[in-house]
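# Chains, contacts and geometry: an overview
Residue-level listing of the chains:
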Amino acid sequence: MALNPQYEDIGKGFVQQYYAIFDDPANRANVVNFYSATESFMTFEGHQIQGAPKILEKVQSLTFQKITRVITTVDSQPTFDGGVLINVLGRLQCDDDPPHAFSQVFVLKANAGTYFVAHDIFRLNIHNSA
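Residues numbered from 1 in each chain as written. Predicted model: local features only at pLDDT ≥ 70, side-chain atom pairs only at ≥ 80, totals over all residues. Heavy atoms only, no water.

Our working definition: UniProt positions are given in the numbering used here, feature names are shortened, and annotations may be inferred rather than shown by experiment.
Per an unreviewed UniProt entry, the protein carries the name NTF2-related export protein and comes from Drosophila navojoa. What UniProt records for the protein under Function (unreviewed entry) is the sentence "Has a role in nuclear-cytoplasmic transport of proteins and mRNAs."

## What about the pairing of strand β5 (residues 100-111)?
Looking along a regular strand, one sees the side chains alternate between the two faces of the sheet. What counts here: Paired strands are those between which DSSP finds at least two bridges. Secondary structure elements are defined from DSSP: runs of H or I of at least 4 residues count as helices, runs of E of at least 2 residues count as strands, and each element is numbered from the N terminus.
The pairing of strand β4 (residues 84-94) with β5 spans 9 bridges and is antiparallel. Bridging across to β5, Gly 90 finds its partner in Phe 102. Joining the antiparallel neighbours β4 and β5 is a turn of 5 residues, in which Asp 95 adopts a positive phi near 50°. Pairing of β5 with strand β6 (residues 114-124) involves 10 bridges; the strand directions are antiparallel. Paired with Gln 104 across the two strands is Phe 122, which belongs to β6. Once β5 ends, the chain turns through 2 residues before running back antiparallel as β6, passing Ala 112 with a positive phi of about 55°.

And the structure:
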């Protein structure tokens, strides 16, 4: 499979769509539709999860309701199998917590003319300054 020349547009469009759903408490559970039942991996703050059902459990276990998110950059690269690697940097604030920088990496895998999230790594960028 060839490199996808539309990787930048795919990356930016995916990020907009993903966070619009994730950041809406009424729709948050629908992010599970981006993942495969068996072929998706998520690492959330160091906790590794495999498969859409377990990813949904994790998303539903999050206790915050309101998210204010500012995206600083979205960098994308094509993968040799037709997918897209996406790196997101930004800042978010959950409920009344202080804002924190975050990074999130996605690997979108091509599947019959569409994409699913094969890999997702999320981390708050909190440094121990002690």
